[in-house]
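For reference, the chains in residue letters:
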Amino acid sequence: MRTSFIIIAITFLFSIISASADTLKPTSWSSYGVTFLAPADIIVDDDSEESYTISNSGITINIQLLNGDGLKKGELISSLKHISEEDNVTDKSDITEIDLTHFFGAYLTGSCESDNCLYSYITVKDNSCSFYISIIYKPSNYDDAIRIIKSFGLEE
């Protein structure tokens, strides 16, 4: 009897883990050919030349094109520090640099008022343009937020 309960509990745990892993699907902001993972049940809130915002009940992703020449790789960290201070992000993590297939980037997590947030800047490796990304998420969606930011690329 006890063994059966343990097996059922383990099976249930694995089903939750695999269901969570399947909640993200490839999506794109077609205006700039930016691709990334997003929740399968997203709703598009804004799709314009300047920004792209999608959400579901647990996560909101906002991507904004930076005007001008964008950021150089060496400017990512200082710019991220600046915007997180300007927006009064508290309980900030250390800044993590990421080297993606098409982008250099950096991100941090923290608290934005009463929400959990991830702030990031990514710049195309040829420095042609840069993007600001904010992800507001429920605590249970932290791993998804990290997977999302690490999934950014360009359509080929």
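Please refer to the structure higher up on the page.
Residues numbered from 1 in each chain as written. Predicted model: local features only at pLDDT ≥ 70, side-chain atom pairs only at ≥ 80, totals over all residues. Heavy atoms only, no water.

A. Molecular detail of the packing of aromatic side chains. Scanning the entire structure with this criterion turns up 10 aromatic pairs. Note on Y119 and Y132: the rings are 5.6 Å apart at their centroids and 85° apart in plane angle, and the pair reads as edge-to-face. In this pair, Y119 sits in strand β8 (residues 115-124) while Y132 sits in strand β9 (residues 130-137), placing the two residues 13 residues apart along the sequence. For the pair formed by Y119 and Y132, the shared burial category is buried. Of the aromatic side chains, those joined through ring pairs into one cluster are W29, Y32, F36, Y52, F103, F131 and F152. Positioned over the ring face of F104 is K125, at 5.1 Å from the centre of the ring. (Phe/Tyr/Trp six-rings, centres within 6.5 Å; stacked < 30°, edge-to-face > 60°. Helix = DSSP H or I, 4+ residues; strand = E, 2+ residues; numbered from the N terminus. Buried < 20%, exposed > 50% of the residue type's maximum accessible area, 1.4 Å probe, protein only. Lys NZ or Arg CZ within 6 Å of the ring centre and 35° of its normal.)

B. Broad picture of helix α2 (residues 76-86). Buried residues of α2: L76, S79, L80, I83 and S84, and no others. Along the axis of α2, the buried positions cluster into a sector of 130°, meaning they face one direction only. Along α2, exposed side chains directed more than 90 degrees from the buried face belong to E85 and E86. Where α2 is buried, its residues meet β7 (103-112), β8 and β9. (Arc of directions from axis to C-beta. Contact = heavy atoms within 4.5 Å.)

C. Local environment of the sheet that holds β8. Here seven strands make up an open sheet; going across it, the order is β3-β4-β5-β9-β8-β7-β6 and the pairing antiparallel. Each having just a single partner strand, β3 (43-47) and β6 (96-99) make up the two edges of the open sheet. Neighbouring strand axes in the sheet, compared pairwise and without regard to direction, differ in orientation by 15° on average. As paired strands, β7 and β8 are joined by 10 bridges and run antiparallel to one another. (Pairing = 2+ DSSP bridges. Axes fitted to C-alpha atoms, helices over the stretch in contact; angles between N-to-C directions.)

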